[in-house]
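A look at the structure
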There are 2 protein chains.
Amino acid sequence: MRTAQLNIGIIGGGVMGTKHASIINAEGTGRVVAVADPVSDRLATSLGVPNHVDYQHLLSMPGLDAVVVASPNDQHVTTALACLNRSIPVLLEKPVASSIEEGQKLAAALEGISTPILVGHHRRHNAAVTAAQSFIHDGGLGRIVAVNSLFLSRKPEDYFNQAWHRLKGAGVLLINLVHDIDLLRYLCGDITRVAAITSSGSRGYEVEDTAAVTAEFASGALGTFIVSDSAASPVNWDQVSADDTSFPRHPGVDTHLITGTKGSLTLPQLTHYYYPDDAKGHWKIPMAAQSLPAAETETYANQWKHFLDVIDGTAEPIVSVTDALRTIEIVEAIRAAAIDGKTTAI
Amino acid sequence: MRTAQLNIGIIGGGVMGTKHASIINAEGTGRVVAVADPVSDRLATSLGVPNHVDYQHLLSMPGLDAVVVASPNDQHVTTALACLNRSIPVLLEKPVASSIEEGQKLAAALEGISTPILVGHHRRHNAAVTAAQSFIHDGGLGRIVAVNSLFLSRKPEDYFNQAWHRLKGAGVLLINLVHDIDLLRYLCGDITRVAAITSSGSRGYEVEDTAAVTAEFASGALGTFIVSDSAASPVNWDQVSADDTSFPRHPGVDTHLITGTKGSLTLPQLTHYYYPDDAKGHWKIPMAAQSLPAAETETYANQWKHFLDVIDGTAEPIVSVTDALRTIEIVEAIRAAAIDGKTTAI
């Protein structure tokens, strides 16, 4: 049982830094002792702690137990490396890196050292995801056969006032599909081949606004993933899960369907369809439906608790740098497949 | 107002021939006067009408007003041509032909003649589909952005005792996905580019058992379609619509999602999501949901009534030979794309 609160630094005082700070202070197992943000002291002021313009000053504070890195994507690797140099455990916001090369540099730096990094793919800490993962890995669906994933949203026009949202490096593949790829890899295993068609026809920006993807998993299962930021639809994780309460919620809707030889499962509703007598089941036999149970917990709080275990050395990071990097490799392979018009092995 | 019953011949006394006969006799606007089936007089006997071993004998009966062709797929074109030679209107079961070349022969024979053929893609006569088609074509969803289609079923093992179900020419693309392609072309317009990954890993037969497809529509919309005959799932049209009562029904489930710039629509539930103030709508604004109304009608009866209008010349066939042939071209392009590993224009 932990008795002392950990001293935590937050690097990056934007939306995600603020989110992490509120969870940490609310849970009581840690306290935010300082923030580093070069452009705004808003978060530090609201918490009543110092703000450092240079995050190296934060890292040199005595008694710092861990750091949350929620800076802009292109600073993730440099900042994480600086933390490792000082043996400070890191919760690193996704994406792990803004390029594969950069991510590989971080993975290489981790070899042979014991300071842990957890990558913040928060969905893996969602209670429905945790329940689904156990159920699938225990063989509840038999062998996985086919998987479907939907992320269909209309983002506001002013979202694209930020220039980087219109330019290469953003787009629905890297910003949105990356979450579904991580989720499905966690639930169904590695992805080894992809084909894709992308479009920038809705918004006309340099980046794609819509992408349709087919994937083959290492298990042999096939998947289709579709993602768009210009479709007026509530069918996306942010609006059907309770992970981020800044989104309006459409609780009756599913975004993912995973089917196997023995049954199928939806997420996040966890509706499980199965044949009461599996050996005799086929399409002319009615399937039974049940809701799998899931804990009533808060996703970001679960992630924080897991990070505490990672710091203590009682758990391996549920999302390692290598793991998160593989997801980025897959997203980049999808982009390449769409450009080349070729099914691409990864 | 039609006063006299039409005299109808049924060629092929199997499952579909029997289905058509029962609809025709129940509706009262026609009566089955003869059946042609070379191997069984079961249907004819049950109806109390003559069975012809040679369908040419049926076609030479005096006073025959129209024919339903429900023979094996590879006889569709020859039989339809024989009907046209005698100027007898035809309701031709899908697929229109067992190869593109054969279908083109039938399309060529139709040029300059007025005897009508309706192809039996029955889903277009489903009341929910009719309602969706009107709604979409009247601009209810704005411009279509992204489309998702699911057909995930576990067929019984004895389905594959019929050798042709295991061999090239069958498979989930030609047998099952063909229906979704027809449906989505009807709702969203032509498909012009496809990429695909297929697998025969679940059953190990010559034909694919699972296929994951991405498609680009002529409008620029993108789509993902996934289909499997070895996934234990109720998420397929046959089990969520009431079209075929020989399947157990899972009425709460949707198989298709069509999203546009103004809203989205599911089928067959017809759940319509939209922003109450469309101009201000985006992912942080709650969407309203309503159920679009659909007539409470029976799909095959609707198809029969439409065929009567086609015979009378008061309606163009809702599924023409050319139209049905395009669907087969797309399915063949999907197969080719999966084999070549290349995105394929059609």
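As a reminder, the structure under discussion sits directly above these lines.
Here we summarise the structure given alongside this text. (Residues numbered from 1 in each chain as written. Chains lettered and ligands numbered in written order. Predicted model: local features only at pLDDT ≥ 70, side-chain atom pairs only at ≥ 80, totals over all residues. Heavy atoms only, no water.)

Examining the nonpolar core
As a rule of thumb, nonpolar side chains are buried together in soluble globular proteins. One finds B:L187, B:F225, B:I258 and B:I334 to be the most contacted residues of the largest nonpolar core, which totals 50 residues. Those elements that place two or more of their residues in this core are α6 (127–137), β7 (144–152), α7 (171–188), β8 (191–199), β9 (210–217), β10 (222–228), β12 (263–267) and α10 (321–340) of chain B. By residue number, the principal contributor to this core is α7(B), which donates 12 residues. Each residue touching B:L187, except ones within four places of it in the same chain, is listed here: B:V129, B:A132, B:Q133, B:I136, B:H137, B:I258 and B:L267. Listed in part, the 46 residues of the second largest apolar core include A:A131, A:V147, A:I181 and A:W237. (Core = buried A, V, L, I, M, F, W, Y, C linked by side-chain atoms within 4.5 Å. Buried < 20%, exposed > 50% of the residue type's maximum accessible area, 1.4 Å probe, protein only. Helix = DSSP H or I, 4+ residues; strand = E, 2+ residues; numbered from the N terminus. Contact = heavy atoms within 4.5 Å.)

As for the sheet that holds strand β4 (residues 66–69) of chain A
Residues and elements named next belong to chain A. Read from one edge of the open sheet, six strands run β3-β2-β1-β4-β5-β6, paired in parallel fashion. Either end of the sheet is taken by a strand with one partner, and the two such strands are β3 (51–52) and β6 (117–120). Bridge count between strand β1 (residues 6–11) and β4: four bridges; the pairing is parallel. Paired with I10 across the two strands is V68, which belongs to β4. (Pairing = 2+ DSSP bridges.)

A few points about the pairing of strand β5 (residues 90–93) of chain A
Residues and elements named next belong to chain A. Burial along β5 is two-sided: the residues V90 and L92 and L91 and E93 are all buried. Where β4 lies against β5, three bridges are found, and the strand directions are parallel. Looking at β5, one finds that V67 is bridged to V90. As for the winding sense of the linkage, the β-α-β connection from β4 through helix α4 (residues 76–85) to β5 is right-handed. Bridging between β5 and β6 involves four bridges; their strand directions are parallel. Along β6, the bridge assignment pairs V90 with I117. Traced from β5 through helix α5 (residues 100–110) to β6, the parallel crossover comes out right-handed. (Right-handed = clockwise from strand over helix to strand, strands pointing away.)

Section: the environment of A:F307
Residue and element names in this part refer to chain A. Following the sequence through the fold, F307 ends up in helix α9 (residues 299–312). Sequence separation between F307 and A66 is 241 residues, and the spatial gap between their C-alpha atoms is 9.5 Å. F307 has contacts with A66, V67, P89, V90, L91 and L118, leaving out every residue within four places of it along the chain.

Some remarks on the pattern of salt bridges
Residue and element names in this part refer to chain A. In the structure shown here, the tally under the stated rule is 30 salt bridges over all chains. Put simply, E93 and K94 hold a salt bridge, and the shortest N to O gap is 2.8 Å. The closest approach of N and O atoms between R193 and E216, which form a salt bridge, is 2.9 Å. Taken as a pair, R193 in strand β8 (residues 191–199) and E216 in strand β9 (residues 210–217) lie far apart in primary sequence, 23 residues in all. When its relative accessible area of 28% is taken as the criterion, R193 is described as partly exposed. A residue is classified by how much of its surface remains accessible, and E216, at 16% relative accessible area, is buried. Beyond isolated ion pairs, a larger network of salt bridges with shared partners links R124, D182, R185, D190, D323, R326 and E329. (Salt bridge = Lys/Arg side-chain N within 4 Å of Asp/Glu carboxyl O.)

Regarding the relation of the copies chain B and chain A
The two copies are related by a screw operation: chain B maps onto chain A through 180 degrees of rotation and 0.0 Å of translation along the axis, at an RMSD of 0.0 Å. What the superposition gives is, in effect, a two-fold axis relating one chain to the other. For chain B, the residue whose C-alpha comes nearest the rotation axis is B:K342, separated from it by 2.2 Å. (Least-squares fit on C-alpha atoms with pLDDT ≥ 70 in both.)

Here we look at the pairing of strand β2 (residues 30–36) of chain A
Residues and elements named next belong to chain A. The element β2 is largely enclosed, with a buried count of five among its seven residues. Two strands pair when backbone bridges link them, and β1 and β2 are joined in this way by six bridges, in the parallel orientation. Its bridge partner lying in β2, I10 is registered against V35. Between the parallel pair β1 and β2, the chain is carried across by helix α1 (residues 15–27), and the sense of this crossover is right-handed. Of the pairings in the sheet, the one linking β2 to β3 comprises two bridges and is parallel in character. Within β3, the residue paired with A36 across the bridge is H52.

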